[in-house]
Amino acid sequence: FEKFGDCFDFYLLMEDDYVPYLHNFDVQLINVYNKRFPNSDGCLAGQWWGKGYEIGSTRPPHPESSILMSTPSLQKVAAMLSSKQLS
(Lines give C-alpha, C1' and ligand atoms only; values in the text may rest on other atoms or scores of the structure.)
Protein backbone atom coordinates (compact mmCIF):
# COMPACT_ATOMS: atom_id res chain seq x y z
CA PHE A 1 0.00 0.00 0.00
CA GLU A 2 2.84 2.37 0.80
CA LYS A 3 4.25 1.93 -2.72
CA PHE A 4 1.04 1.93 -4.81
CA GLY A 5 -1.31 4.04 -2.66
CA ASP A 6 -4.68 4.58 -4.31
CA CYS A 7 -3.82 2.80 -7.58
CA PHE A 8 -6.20 0.02 -6.49
CA ASP A 9 -9.66 0.06 -4.90
CA PHE A 10 -8.86 -2.88 -2.61
CA TYR A 11 -5.83 -4.62 -1.18
CA LEU A 12 -5.75 -8.34 -0.43
CA LEU A 13 -3.13 -9.22 2.17
CA MET A 14 -2.29 -12.90 2.44
CA GLU A 15 0.52 -15.37 2.86
CA ASP A 16 2.64 -15.89 -0.23
CA ASP A 17 1.92 -19.62 -0.38
CA TYR A 18 -1.87 -19.23 -0.58
CA VAL A 19 -3.36 -20.24 -3.94
CA PRO A 20 -7.08 -19.42 -4.45
CA TYR A 21 -8.97 -22.33 -5.99
CA LEU A 22 -12.15 -20.41 -6.81
CA HIS A 23 -12.52 -18.58 -10.12
CA ASN A 24 -13.18 -14.84 -9.55
CA PHE A 25 -12.49 -15.24 -5.84
CA ASP A 26 -11.52 -11.57 -5.68
CA VAL A 27 -14.89 -10.43 -7.04
CA GLN A 28 -16.66 -12.62 -4.51
CA LEU A 29 -14.56 -11.27 -1.63
CA ILE A 30 -15.25 -7.68 -2.73
CA ASN A 31 -18.98 -8.42 -2.84
CA VAL A 32 -18.85 -9.78 0.73
CA TYR A 33 -16.79 -6.77 1.83
CA ASN A 34 -19.23 -4.28 0.30
CA LYS A 35 -22.21 -6.00 1.97
CA ARG A 36 -20.48 -6.06 5.36
CA PHE A 37 -18.97 -2.56 5.13
CA PRO A 38 -21.30 -0.42 2.97
CA ASN A 39 -19.44 2.78 3.91
CA SER A 40 -16.14 1.19 2.77
CA ASP A 41 -14.53 1.30 6.24
CA GLY A 42 -13.56 -2.14 7.43
CA CYS A 43 -11.24 -5.11 7.51
CA LEU A 44 -12.55 -8.42 6.20
CA ALA A 45 -10.46 -11.23 7.68
CA GLY A 46 -10.63 -15.00 7.71
CA GLN A 47 -10.76 -14.87 11.50
CA TRP A 48 -10.12 -12.57 14.44
CA TRP A 49 -8.07 -13.54 17.48
CA GLY A 50 -7.25 -11.88 20.77
CA LYS A 51 -9.26 -10.33 23.60
CA GLY A 52 -12.97 -10.55 22.92
CA TYR A 53 -12.48 -13.33 20.37
CA GLU A 54 -10.50 -15.96 22.29
CA ILE A 55 -11.53 -17.06 25.77
CA GLY A 56 -9.00 -15.81 28.30
CA SER A 57 -6.81 -14.00 25.78
CA THR A 58 -5.07 -10.83 26.94
CA ARG A 59 -3.67 -9.99 23.51
CA PRO A 60 -5.29 -7.11 21.59
CA PRO A 61 -7.79 -8.09 18.87
CA HIS A 62 -6.05 -8.82 15.57
CA PRO A 63 -6.93 -10.38 12.21
CA GLU A 64 -5.55 -13.74 11.14
CA SER A 65 -5.50 -15.39 7.74
CA SER A 66 -6.14 -13.40 4.55
CA ILE A 67 -7.32 -9.81 4.88
CA LEU A 68 -9.22 -7.62 2.41
CA MET A 69 -9.30 -3.86 2.98
CA SER A 70 -10.43 -0.95 0.85
CA THR A 71 -8.00 1.82 -0.04
CA PRO A 72 -9.93 4.38 2.09
CA SER A 73 -9.65 2.03 5.09
CA LEU A 74 -5.92 1.60 4.59
CA GLN A 75 -5.52 5.36 4.17
CA LYS A 76 -7.14 5.85 7.59
CA VAL A 77 -4.85 3.27 9.16
CA ALA A 78 -1.81 4.92 7.54
CA ALA A 79 -2.92 8.35 8.81
CA MET A 80 -3.35 6.98 12.35
CA LEU A 81 0.08 5.36 12.23
CA SER A 82 1.77 8.46 10.89
CA SER A 83 0.18 10.69 13.54
CA LYS A 84 0.68 8.05 16.29
CA GLN A 85 -2.99 8.18 17.31
CA LEU A 86 -3.00 4.50 18.21
CA SER A 87 -3.58 3.73 21.86
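Heads up: the structure comes first, above all this text.
Please read all numbers here as calculations on a predicted model, not as lab measurements.

S.K.: Hey, could you run me through the sheet that holds strand β3 (residues 62-70) in this one?
M.R.: In any sheet, the strands associate via hydrogen bonds between backbone groups, in a parallel or an antiparallel arrangement. Read from one edge of the open sheet, 3 strands run β1-β3-β2, paired in antiparallel fashion. The open sheet terminates on both sides in strands that have one partner only, identified here as β1 (10-13) and β2 (44-49). Going from strand to strand, the sheet's axes swing by 25° on average, the running direction of each strand aside. Here 5 bridges tie β2 to β3, and the two strands are oriented antiparallel to one another. Across the sheet, Leu-44 pairs through a bridge with Leu-68, a residue of β3. Against the sheet, helix α2 (residues 71-83) engages β1 and β3, with an angle of about 115° to β3.

S.K.: I would appreciate a short explanation of α2 in the present structure.
M.R.: Along an α-helix, residues three or four positions apart point the same way, because every turn accommodates 3.6 residues. For α2, built from 13 residues, the straight-helix expectation of 18 Å at 1.5 Å per residue is met to within 8% by its first-to-last C-alpha distance of 18 Å. Taken together, the buried positions of α2 are Thr-71, Ser-73 and Leu-74. Looking straight down α2, one finds its buried side chains confined to an arc of 155°; they lie on one side. The secondary structure elements touched by the buried residues of α2 are β1, α1 (25-36) and β3. Just beyond α2, the residue with positive phi is Lys-84, at close to 55°.

S.K.: I would appreciate a short explanation of the packing of aromatic side chains in the present structure.
M.R.: Centre-to-centre distance and the angle between the planes together describe a pair of aromatic rings. Summed over the entire model, instances satisfying the criterion amount to 6 aromatic pairs. Relative to Phe-8, the ring of Phe-4 lies with its centre 5.9 Å away and its plane at 70°, an arrangement referred to as edge-to-face. Judged by relative accessible area, Phe-8 falls into the partly exposed class, the value being 42%. Arranged with centres 5.7 Å apart and planes meeting at 85°, the rings of Phe-8 and Tyr-11 form a pair that is edge-to-face.

S.K.: Before we go on, may I ask you to explain the pattern of salt bridges in this structure?
M.R.: Side chains that differ in charge, positive against negative, can pair when their charged atoms come close. Under the counting rule described, the total for this entry stands at 2 salt bridges. Notably, a salt bridge pairs Asp-41 with Lys-76, separated by 2.6 Å at the nearest N-O pair. Separated by 35 residues along the polypeptide, Asp-41 in the loop between α1 and β2 and Lys-76 in helix α2 bring together distant segments of the chain. Here Arg-59 and Glu-54 are joined by a salt bridge, their closest N and O atoms 2.8 Å apart.

S.K.: What's the story with the environment of Tyr-11 in this structure? I'm lost.
M.R.: Positionally, Tyr-11 belongs in strand β1. With relative accessibility at 10%, the residue Tyr-11 sits in the buried group. Here the alpha-carbon distance between Tyr-11 and Leu-68, two residues 57 residues apart in the chain, equals 5.8 Å. If we skip the residues at most four places from it in the chain, Tyr-11 touches Phe-1, Phe-4, Gly-5, Ile-67, Leu-68, Met-69, Thr-71 and Leu-74.

The rules behind the values
- Residues numbered from 1 in each chain as written.
- Predicted model: local features only at pLDDT ≥ 70, side-chain atom pairs only at ≥ 80, totals over all residues.
- Heavy atoms only, no water.
- Pairing = 2+ DSSP bridges.
- Helix = DSSP H or I, 4+ residues; strand = E, 2+ residues; numbered from the N terminus.
- Axes fitted to C-alpha atoms, helices over the stretch in contact; angles between N-to-C directions.
- Contact = heavy atoms within 4.5 Å.
- Expected span 1.5 Å × (residues − 1).
- Buried < 20%, exposed > 50% of the residue type's maximum accessible area, 1.4 Å probe, protein only.
- Arc of directions from axis to C-beta.
- Phe/Tyr/Trp six-rings, centres within 6.5 Å; stacked < 30°, edge-to-face > 60°.
- Salt bridge = Lys/Arg side-chain N within 4 Å of Asp/Glu carboxyl O.

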